[in-house]
Amino acid sequence: MNLHPIELLSYSTKGSFMISLQKRQDKLKKHLQKQGLKLSSLQQKRLILGLSVFALLVASQILKGFFLEFIALFIALPIFLFFFKKSRRHQDFIDQLKKLSRFYKHQQKLHKGESFFGEITAETINPDLVRDLDLQELSVALDFSFSKEGKKLFNSWIGQKFSNSSFEDRHAQIKELSKFPGLLRRVHSNKPKKLVSFEIIQKEINRSFLDHNPLWKWLIPISWIALILCLFIGVPSIFWKTSLFIYLASSLFYFSISKDIFSRLQDLLSELEKLKPQFSPLSRLAQNLSFTPQLKSLSPQKNTTELTRLVSLMSIKSNPILFYILNAIVPWNFILTERCERSRLKISKSFNLWSQELIQIEAVSSFSNLYTYHQTVWPLKSEHNHLKVKNISHPLINQSTVVKNTFSQEDGKSIFIITGSNMSGKSTFLRAIGINFCLAKIGAPVFAESFEFPDYDIVSCIRVSDSLRDGQSYFYAEVRRMKTILESAKERPILFLIDEPLRGTNNRERLLGNQSYLEQILETNSIGFASTHDLELTQLADISPRVDNYHFTEDWKEKDLYFNYLIQDGPSKSTNALKILEKEGLYNGLS
């Protein structure tokens, strides 16, 4: 089995990769240094041989020595070309290793919880969810799309917009692709700096290279053949002169309707060239995947290679004198233009089919990396619509130090009130549940030891801000968000996440408002979490058997605050606001 450098040097199982990622990076660094020295040696030899060829040629001219010229051209020059080609291949090999190193560093960055910056540009069902759960940062961390359309599909999944695809299909595809980490590394390591636009390519290949397609164009080959026959048979001059006139006249008219073909071919090829590094691994992947029937039967790489060859032949247009002389002898422009047009038609018939499969692979493969490089597990859809998670963690926090939590929804319970002091981990827990729930809905691996979830939509109210432009206060903006959650819960079962509801009003009205609000949600089939500092709200569990209490707590040791960030049963029994204020000199202990 012939493996690409990226496949060969990085092949490993999930477990061994997680344990030795840094060791592999160190090994790769040493390998790069070794290969760099080898490249320098090849370049020095190439330089010496190049100078030798030049010196021998100069000496042969000065000394009039045929022997020196023979050595230069037939011995030194071939050796120079050999080392030149070898050093170029070696440089390409080093470039691939550097790309692999950058890919590994990206996975390490996610594992260490370092920040990623970017925005989701695709539509989402709930933009507030993207902001609440930092899904835009998650998108940048996971996305390895190489086309605008692939990126759009990936972001729509992150934003919980699934169009016509089902969880089962996405889950099966992500799982299937995770079996080919080496090929995926090749695809993702060669991600272009500028994304490919399949839409632009589609428009170009759907538009004819000719301004119009007249029947008289066939006069060009007919008159040229007639001219050749007349010259060889020896007929009266009137016949070959007439044939020549028709050939030249029709060729000139043909130039006018095909004048833009070379520039259009270059534009089309520049877009397709961005896919060139992906074609080989994607073609090999397609042969082993169940959801890429078009890529199996078609050959996008072959079509692109044919266009590249045609552009090379068409480049003679850059030399007008040579171009017109050549076309005076043979119908060069006609032959190449017609070949380009046939190639365009051939690609246009299948492009939409195989490009859609490429887009699907792009979106799916980015999620497959989660299983290969991170401590994740495949989610399971709950038969009883229960949420049960074991050792769940926040994906955007350092996985070596993050505290993992376990939660299991008991029968008959649907609303979970989480209390606890400031900075104890309530909001982080909500986001950990939310982000992993979004990944599970996609069908992707989740950051947990086990994850069983209900097939519900997710709605949140965690980050709320006022709007000067819309004239909305913080409180009113919060009320609108909570209204959206309640209306969604009445329409269909949902998972809701609410962080400190109605924090924008006074204690008494907040308590009464939250009690009434949660009682209305209890009338639906939805489940969810609400974190709060109002300990009185936990008494709702005494009224409704469907409400359960959990809390986070802290320890004080010699005036220092320590958190274990572990969720525990029951309501909170401690507070820390005044202690923190006192420690910072803002509270003197007097009531």
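Every value quoted in this text rests on a predicted model; they were computed, and no experiment measured them.

What follows is about the overall build of the chain. Helices and strands together make up the secondary structure of the chain, namely 22 helices and 12 strands. Taking 25 Å as the expected radius of gyration for a compact globule of 591 residues, we find that the chain reaches 34 Å, considerably beyond that expectation. Each of the three principal axes of the chain carries a C-alpha extent, and together these read 115 × 60 × 45 Å. When each of the 591 residues of the chain is scored for burial, the buried share is 49%. A sequence separation of at least 24 residues applies to 76% of the contacts in the chain between residues at least 6 apart. Looking at the chain as shown, the accessible area adds up to about 30400 Å², and 57% of this sits on carbon and sulfur atoms. Treating the 76 positive side-chain charges of the chain as one cloud and the 57 negative ones as another, the clouds have centres 13 Å apart.

Attention now goes to the confidence of the model for the chain. Overall, the predicted model of the chain reaches an average pLDDT of 85, with 93% of residues at or above 70. In this model residues 7–13 is a low-confidence stretch, pLDDT under 50, and it forms 19 contacts with partners more than four residues away in sequence or in other chains.

On to helix α20 (residues 507–522). With 16 residues, α20 ought to run about 22 Å at 1.5 Å a step, and its terminal C-alpha atoms sit 22 Å apart, in line with that. All of the buried residues in α20 are Arg510, Leu511, Asn514, Tyr517, Leu518, Ile521 and Leu522. All buried residues of α20 fall inside an arc of 140° around its axis, so they share one side. Structurally, α20 contributes buried residues whose contacts are with β4 (415–420), α19 (474–491), β7 (494–499), α21 (540–543) and β9 (547–552). One side-chain oxygen at the N-terminal end of α20 lies 3.3 Å from the backbone nitrogen of arginine 508; it belongs to asparagine 506.

Whether parallel or antiparallel, the strands of a sheet pair through hydrogen bonds between backbone atoms. Taking strand neighbours across the sheet as the criterion, the 6 strands line up as β6-β7-β8-β4-β9-β12 in an open arrangement whose pairing is mixed. Edge positions in the sheet fall to β6 (457–461) and β12 (568–569), since each has one partner strand and no second. As defined by bridge partners, β4 adjoins β9 across 6 bridges and the pair is classed as parallel. Following the sheet pairing, phenylalanine 416 is matched in β9 by aspartate 548. Along the sheet, α19 makes contact with β6 and β7, crossing β6 at roughly 160°.

The sheet built from 4 strands is open, its strands ordered β1-β5-β2-β3 with mixed pairing. Looking at which strands have only one partner, the edges of the open sheet turn out to be β1 (380–381) and β3 (405–408). With 2 bridges connecting them, β1 and strand β5 (residues 450–453) associate as parallel partners. Within the sheet, the bridge partner assigned to lysine 381 lies in β5 and is phenylalanine 453.

Before going further, it helps to examine the packing of aromatic side chains. Scanning the entire structure with this criterion turns up 28 aromatic pairs. Relative to phenylalanine 351, the ring of phenylalanine 198 has its centre 5.9 Å away and its plane inclined at 55°; by these criteria the two rings are tilted. Within this pair, whereas phenylalanine 198 is found in helix α9 (residues 198–206), its partner phenylalanine 351 is found in helix α17 (residues 332–373), the two being separated by 153 residues in sequence. In this pair, the class of phenylalanine 198 matches that of phenylalanine 351, namely buried. Ring geometry for phenylalanine 407 against tyrosine 550: centres 5.4 Å apart, planes inclined by 65°, an arrangement best described as edge-to-face. Of this pair, phenylalanine 407 sits in strand β3 while tyrosine 550 sits in strand β9, and the two are 143 residues apart along the sequence. With respect to class, phenylalanine 407 is no different from tyrosine 550; both count as buried. An aromatic cluster is present here, built from Phe407, Phe416, Phe429, Phe529, Tyr550 and Phe552 joined pairwise through their rings. Against the face of phenylalanine 116 rests lysine 109, its NZ or CZ located 4.6 Å from the ring centre. Note that arginine 170 overlies the ring of phenylalanine 162, its terminal NZ or CZ placed 3.9 Å from the centroid.

Here we come to the nonpolar core. Ranked by internal contacts, the top residues of the largest apolar core, which has 89 residues, are Phe367, Leu387, Leu439, Phe451 and Phe529. The element that contributes the greatest number of residues to this core is α17, accounting for 12 residues. Ile415, Met482, Ala489 and Tyr517 belong to the second-largest nonpolar core, a separate cluster that totals 23 residues.

Next up on the list: the side chain of aspartate 132. Inspection of the secondary structure puts aspartate 132 in helix α4 (residues 127–132). According to the relative accessible area criterion, aspartate 132 is buried, its value standing at 0%.

This part covers the pattern of salt bridges. Side chains that differ in sign of charge can pair as their charged atoms come close. On inspection of all chains with the given rule, the structure shows 20 salt bridges. With a closest N to O distance of 3.3 Å, lysine 390 and glutamate 449 form a salt bridge. Note that lysine 390 is positioned in strand β2 (residues 388–392) and glutamate 449 in the loop between α18 (426–442) and β5, a separation of 59 residues in sequence. Residue classification places lysine 390 among the partly exposed positions, given a relative accessible area of 38%. The class for glutamate 449 is partly exposed, based on a relative accessible area of 45%. We note a salt bridge from aspartate 457 to arginine 492, for which the minimum N-O separation is 2.7 Å. With aspartate 457 in strand β6 and arginine 492 in the loop between α19 and β7, this pair connects stretches of sequence that are 35 residues apart. The exposure class of aspartate 457 is partly exposed, given its relative accessible area of 31%.

Nonpolar side chains collect at one region of the surface, where Phe66, Phe70, Leu73, Phe74, Ile75 and Ile79 lie side by side and expose about 590 Å² of accessible area between them. Residue position: leucine 73 is located in helix α3 (residues 66–111). By relative accessible area, which is 35% here, leucine 73 ends up partly exposed.

Moving on, we come to helix α15 (residues 300–314). Taking 1.5 Å per residue as the helical rise, α15 with its 15 residues ought to reach 21 Å, and the 21 Å between its terminal C-alpha atoms agrees with that figure. Tucked into the core, α15 has its buried residues touching α12 (261–273), α13 (276–286), α14 (293–297) and α17.

Scoring rules and cut-offs
Residues numbered from 1 in each chain as written. Predicted model: local features only at pLDDT ≥ 70, side-chain atom pairs only at ≥ 80, totals over all residues. Heavy atoms only, no water. Helix = DSSP H or I, 4+ residues; strand = E, 2+ residues; numbered from the N terminus. Rg over C-alpha atoms; globule rule 2.2 N^0.38 Å. Buried < 20%, exposed > 50% of the residue type's maximum accessible area, 1.4 Å probe, protein only. Contact = heavy atoms within 4.5 Å. Areas by Shrake-Rupley, 256 points an atom, 1.4 Å probe, with all protein chains shown as cover. Lys, Arg positive; Asp, Glu negative; His and termini not counted. Charge placed at Lys NZ, Arg CZ, Asp CG, Glu CD. pLDDT = per-residue confidence, 0-100. Expected span 1.5 Å × (residues − 1). Arc of directions from axis to C-beta. Polar contact = N/O pair within 3.5 Å; in protein donor to acceptor, adjacent residues only side chain to side chain. Pairing = 2+ DSSP bridges. Axes fitted to C-alpha atoms, helices over the stretch in contact; angles between N-to-C directions. Phe/Tyr/Trp six-rings, centres within 6.5 Å; stacked < 30°, edge-to-face > 60°. Lys NZ or Arg CZ within 6 Å of the ring centre and 35° of its normal. Core = buried A, V, L, I, M, F, W, Y, C linked by side-chain atoms within 4.5 Å. Salt bridge = Lys/Arg side-chain N within 4 Å of Asp/Glu carboxyl O. Patch = residues over 30% accessible without salt bridge, like charges linked within 9 Å, V, L, I, M, F, W, Y side chains within 5 Å.

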